[in-house]
Structure formats: C-alpha cells, structure tokens
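Spelled out, the chains give:
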Amino acid sequence: MKIVKEFPPIYDKIKEKFTLSGREIFAWGDIIYNPGGGELGPELVAHEEVHKKQQGDDIEGWWEKYLADDNFRFKQELEAHQMEYKEFCKLNKDRNIRHRYLVYLGGRLSSPVYGSMVSQMEAIKSIRGK
C-alpha cells in the first residue's frame, strides 16, 4: 500500500462523526492516509490492508456505511484489529509485550475514535477471539 502524509478525501465527514486526535490513519483503497506522519509498523499496515480488502471496488460506499452503521463499523474494525494483533504476535514472542499490546488495542477499539461501541474488556476478548 502507498502511504501519503495527507488527509483522506472524506476527512470532513469523518471529523463530523468522531473526535479525532490528528494521529489517526485511514485506508482509501490501496492508499494509507497518514496526515500526522507517524511511523507505521507492519502491524498497522496489516490492519489497513484488511480495510483495503473490505472496501473492494466500492470505497466510497464502504465509508458511507462505516460512518452510518455502528454494527458494521465494529465488525470491520474487529477484523482489522484481530489481524493487527496477529501480525504483532508474529514479530513479538514475549507474552508480556503481547499482552500490553492487546490491552492497548482493546483500549483503542473501545475508544471514542470508533464510537465507544464496547467496553475495553469486551474489545480485548473479541480481538483475542475468546
């Protein structure tokens, strides 16, 4: 995927829906928009690759549904977070480091960035698949 330090085409709509910190990244087809310019590790690229596949040939339609439908958004993000965690675990064998990352991911998935759809504990269990 190509990474650009720009805002995605529908940034204004995203901003209307969510409270953003400026460090978020966004998949738009095969482009990762990284307006904050932060470092993207392989686990984050894997996360965005999932969104690329989810979007298929209807990127705008996917984003419209993502912004409008909480249940759809949660399913899409859960799949991407699970892949991110799986990729992280491939690169990190220490179970304590893995656990800290899982807690971080659970916090992120349960945060206002995604609409506070689940508790952190529910997010952790869902990402882990238990």
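Residues numbered from 1 in each chain as written. Predicted model: local features only at pLDDT ≥ 70, side-chain atom pairs only at ≥ 80, totals over all residues. Heavy atoms only, no water.

The next point concerns the packing of helix 2 (residues 42–55) against helix 4 (residues 70–91). Where helix 2 contacts helix 4, the two axes come as close as 8 Å, and the packing angle between them is 145 degrees. In the packing of helix 2 onto helix 4, the handedness of the crossing is right-handed. The residues of helix 4 that touch helix 2, namely those facing Pro-42, Glu-43, Leu-44, Ala-46, His-47, Val-50, His-51 and Gln-54, are Gln-76, Glu-77, Glu-79, Ala-80, His-81, Met-83, Glu-84, Glu-87, Phe-88 and Leu-91. (Axes fitted to C-alpha atoms, helices over the stretch in contact; angles between N-to-C directions. Helix = DSSP H or I, 4+ residues; strand = E, 2+ residues; numbered from the N terminus. Left-handed = near helix turned anticlockwise from the far one by under 90°. Contact = heavy atoms within 4.5 Å.)

Our next topic: the layout of surface pockets. Taken as a whole, the largest pocket spans an internal volume of roughly 510 Å³. Secondary structure elements with two or more residues in the lining of the largest pocket: strand 2 (26–28), helix 2, helix 3 (59–68), helix 4 and helix 5 (95–109). The element best represented in the lining of the largest pocket is helix 2, accounting for four residues. Tallied by class, the residues present in the lining of the largest pocket amount to 14 nonpolar, five polar and seven charged. (1 Å grid on protein atoms, 1.4 Å probe; cavity = no way out; pocket = protein on both sides within 12 Å on 5 of 7 lines; lining within 4 Å. Points joined across faces, edges and corners; volume = space filled by probe spheres on them. Nonpolar A, V, L, I, M, F, W, Y, C, P; charged D, E, K, R; others polar.)

Between its first and last C-alpha atoms helix 2 spans 20 Å; for 14 residues at 1.5 Å apiece the expected length is 20 Å, and the two agree. Where helix 2 is buried, its residues contact strand 2, strand 3 (31–33), helix 3, helix 4 and helix 5. Gly-56 sits one or two residues past helix 2 and shows a positive phi near 55 degrees. (Expected span 1.5 Å × (residues − 1).)

Right, let's get into the pattern of salt bridges. One pass over the full model with this rule turns up four salt bridges. Residue Arg-108 pairs with Glu-84 through a salt bridge whose shortest N-O separation is 2.4 Å. Taken as a pair, Arg-108 in helix 5 and Glu-84 in helix 4 lie far apart in primary sequence, 24 residues in all. Taken as a pair, Arg-108 and Glu-84 share a single burial class, namely buried. (Salt bridge = Lys/Arg side-chain N within 4 Å of Asp/Glu carboxyl O. Buried < 20%, exposed > 50% of the residue type's maximum accessible area, 1.4 Å probe, protein only.)

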